[in-house]
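# Structural overview for review
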Amino acid sequence: MAEDLQDYTVIKEGEAEILMNVKNQVFFNKAQVPKSCLLFFCWILFVNRVYWVNNRDLSIAVLRTFISKRQEEHGAMLSKRKKSAEKASEKDASGPAVEEASTESALDNEKSNGECEVHEEISQDEPCSVSEEPVKNSEGNHHGELKPPRVLEALSASGLRALRYAREVEGIGKVVALDNDKASVEACQKNIKFNGSVAISKVESHLADARVYMLTHPKEFDVVDLDPYGSPSVFLDSAVQSVVDGGMLMCTATDMAVLCGGNGEVCYSKYGSYPLRGKYCHEMALRILLASIESHANRYKRYIVPVLSVQMNFYVRVFVRVYTSASAMKNTPLKLSYVYQCIGCDSYHLQPIGRTMSKGSSVRYLPGFGPIVPQECSDCGKKYNMGGPIWSAPIHDQEWVTSVLEGVKSMKDQYPAYDRISAVLTTISEELPDVPLFLSLHNLCATLKCTSPSAVIFRSAVINAGYRISGTHVNPLGLKSDAPMDVIWDIMRCWISLFERPASLSSLGHDQRNHNLAELPGLSSLALNEMLGKDSFQRFSYLPDFAFIIPDNVRLLVKNHPVKAQAPDQPGSIILAKEPVLKANFARAVASLSKAQAKKIARFLPNPESHWGPKLRAGRQITTKHISLLGPEAVNGHLNRETSEEPIAKRPKTGDTNDPTSSS
């Protein structure tokens, strides 16, 4: 083995180590990368291990929380069974007294009750035997002990993920690693042996098609992990059948161009939903994936409960629990909605697919009311695009998110990507869980051609209007709010009016300007300084009568930041032509900053390296057009190696009569 290790480089991630052939350290080698799935995955691991360590670290954190929650649920179930058994035994103990009283009453009435006594004895004994059976089963099954969870990694390649699960997650059972490439399975088995006795006892590798394997092992695995390069759609049907009731399905999708609306028809064919090209497209990708998993689960009287849904780097990953219930499955139409997006102002509205109507104790499931929007947008008069259906129910379980985040912080040394996953989880913990999709403040201002307010000022206006607002982990500039779009546009109209009024008062006297500006709703010296900037001019100050001192450079600032003129038929012009119904209050709200922002906790980290993004799929020809994706050094080095490997005398093209060496 020592001689064999000379040809390999050891790559360590967490507590797991894998072997990679030294020849594969050449960044791009056409002879090595395209034709072997194993070599491709080793190359991906060598080049992209920084990318996927976030994925694996987050999966380990969720898996640890799942094992803890699973034990808590099992303990609660045993406690519930014990209480029900005690109640049944108490009822059984009181049974003979009731029987004696009824017998004495019958004798007093001088009635023959021989047959009735036999019937009474049988009816009293039957509940006792039935109630004792569950207690016997639960205690006899190793005193109610819960078996360690079995994990299936459907697409294992080098086996790094399976090895990290086995070595780092306490209380885990068997980890089954599958791959349909023989070279990959051989590499995985070699890595299992290299990681010692713990890996050998817990991880097993099989050469099999993941779809066939999952179909032939229904409800066998507590956790199923799908992490393909591309779309997971072909694996979903078999995956939802392979998970036990209450188990966990982890699923990744990297085909973001399809999910985000680049190829809507392809997305519909793979996931059954049509995407829209909005600023919220990455969150919509998450919700499309969840809707697709729910659709596959419903075919087998199952449904999903999302506990965590993340968009990171260049992929989306969801963690859902799978349950079996024909009655609960009926609630699926209530969790799905179509999306109407205006082509002019990008306003969006959700149309639920179904609704319920309660009458007494019964519940009827009915189609949703519609349409929720008119043919033309009420804000700008343009038409709507329709997309979906998407998952419109919550995509996170906040209790789970809190538990995962606390677990990550308590074991920060065991997560190589601690900074990034803790930042993502912190942002998710502050999201509004019941608000689908989000707004982009810069997109709103682009529609109106105006200067953007700060996020704090805009948040304050929404909060002061009586609505909720939060950030989103998907986009640093995204804002989730339950405020309707007409309120959002009213706030923007009021924001623009703050620029228009001081400019119109420039010809008035000093005292008149102060008086008129003081009438602006909810304006304070602090707010005005934040809105117009602190470094470009002197700070405003309060007078005893709460009027503002307006320096001359304020008018200069307004002249430099006017609302750009648009044609009358443009969405921005139509929106601004309407008077605001809501008078926005821009006074600084207490909740305008999240807890993480107030504590200055990093929430969106920069990319760890240049040319950040997914690398090429195996089999692609490397050319100069890939410089923006891979970097000039990598591409030029590859092309130079190709040139040096080519023979000096090239074979001429067929039919080249000018070449003297060509044959006639």
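Residues numbered from 1 in each chain as written. Predicted model: local features only at pLDDT ≥ 70, side-chain atom pairs only at ≥ 80, totals over all residues. Heavy atoms only, no water.

## Considering the pairing of strand S9 (residues 315-324)
The condition is simple: Only protein chains enter the accessibility calculation, which uses a 1.4 Å probe. A residue is then buried if its area is under 20% of the maximum for its type, exposed if over 50%, and partly exposed in between. Secondary structure elements are defined from DSSP: runs of H or I of at least 4 residues count as helices, runs of E of at least 2 residues count as strands, and each element is numbered from the N terminus. Two strands qualify as a pair provided that DSSP identifies no fewer than 2 bridges between them.
With 8 of 10 residues buried, S9 lies mostly within the body of the structure. Relative to S9, strand S7 (residues 243-253) is paired through 7 bridges, and the arrangement is antiparallel. Residue pairing across strands places Cys 251 opposite Val 318, the latter belonging to S9. Note: strand S8 (residues 302-312) against S9, 10 bridges, orientation antiparallel. Paired with Val 310 across the two strands is Arg 317, which belongs to S9. In sequence, S8 turns back onto S9 through a hairpin of 2 residues, with Asn 313 there showing a positive phi of about 55°.

## Brief notes about the environment of Pro 606
Mapped onto the elements of the fold, Pro 606 is located in the loop between helix H23 (595-598) and helix H24 (627-630). You can call Pro 606 exposed: its relative accessible area is 64%.

## Things to note about the pattern of salt bridges
As a reminder, the rule being used: Any carboxyl oxygen of Asp or Glu within 4 Å of a side-chain nitrogen of Lys or Arg constitutes a salt bridge here.
According to the stated counting rule, one finds 20 salt bridges in the structure shown. Of the charged contacts, one joins Arg 161 and Asp 227 as a salt bridge, the two residues approaching to 2.3 Å between their closest N and O atoms. Placement of Arg 161 in helix H5 (residues 160-168) and of Asp 227 in the loop between strand S6 (221-226) and helix H9 (233-242) is noted, with a sequence separation of 66 residues between them. Here Arg 161 matches Asp 227 in class, with each residue buried. The network of salt bridges with shared partners includes Glu 13, Arg 56, Asp 57, Arg 164 and Glu 168.

## Quick notes on the packing of H9 against helix H12 (residues 281-298)
Under the convention used in this document: For helices, the axis comes from a line fit to the C-alpha atoms of the stretch in contact; other axes are also lines fit to C-alpha atoms, and the angle between any two N-to-C directions lies between 0 and 180 degrees. Any angle from 65 to 115 degrees is called roughly perpendicular, while one under 35 is roughly parallel, one over 145 is roughly antiparallel, and all others are oblique. Here is the rule for handedness: rotate from the far helix to the near one, and if that takes an anticlockwise turn smaller than a right angle the crossing is left-handed, while a clockwise turn gives right-handed. In this analysis, two residues are considered to be in contact whenever any of their non-hydrogen atoms come within 4.5 Å of each other.
Between H9 and H12, the least distance of the axes is 9 Å, while the angle of their chain directions is 45°. Comparing the axis directions of H9 and H12 gives the class oblique. Note on packing geometry: the crossing formed by H9 with H12 is right-handed. Each of Ser 233, Leu 236, Asp 237 and Val 240 in H9 lies in contact with H12, whose residues at this interface are Ser 292, Ile 293, His 296 and Ala 297.

## Re helix H15 (residues 418-429)
Convention followed: Expected span of a helix: the number of residues minus one, times 1.5 Å.
Compared with the 16 Å implied by 1.5 Å per residue over 12 residues, the 16 Å span of H15 between its first and last C-alpha is a close match. Extensive coverage of H15 is indicated by the burial of 10 of its 12 residues.

## A look at the sheet that holds strand S11 (residues 348-352)
Strand order in the open sheet formed by 3 strands is S11-S10-S14, with antiparallel pairing between adjacent strands. The sheet is open, and its two borders are formed by S11 and strand S14 (384-391), each paired with just one other strand. Averaged over neighbouring strand pairs, the angle between their axes works out to 25° when direction is ignored. Across 6 bridges, the pairing between strand S10 (residues 336-342) and S14 is antiparallel. Each bridged residue has a counterpart across the sheet, and for Ser 337 the counterpart in S14 is Ile 390. Sheet strands in contact with H12 are S10 and S14, and its direction is about 55° off that of S14.

## Re the side chain of Arg 459
Operational definition: Only four residue types enter the tally: Lys and Arg on the positive side, Asp and Glu on the negative side, with His and both chain ends excluded.
As for its position among the elements, Arg 459 is in helix H17 (residues 455-464). Buried charge without a salt bridge: Arg 459, with Glu 430 as the nearest opposite-charge side chain at an N-O distance of 6.7 Å.

## Topic: the sheet that holds strand S15 (residues 439-440)
The antiparallel open sheet is built from 3 strands, whose spatial order is S15-S17-S16. For this open sheet the edge positions go to S15 and strand S16 (469-471), each flanked by a neighbour on one side alone. Relative to strand S17 (residues 478-481), S15 runs antiparallel, the two sharing 2 bridges. Pairing of Ser 440 across the sheet is with Gly 478, part of S17. Most of the contacts of H17 go to S16, to which it runs at about 150°, and overall it touches S16 and S17.

## A look at unusual backbone geometry
Omega for the bond connecting Gly 370 with Pro 371 falls within 30 degrees of zero, at -5°, which places this linkage in the cis form. The omega torsion of the bond from Gly 388 to Pro 389 falls at 0°, within 30 degrees of zero and hence cis. By the secondary structure assignment, Pro 389 is in strand S14. Backbone geometry places Asn 313, a non-glycine residue, at a positive phi of 55°. Structurally, the position occupied by Asn 313 is in the loop between S8 and S9. Phi at Lys 449 is positive, roughly 60°, even though this residue is not glycine. Turning to its location among the elements, Lys 449 is positioned in the loop between helix H16 (441-448) and H17.

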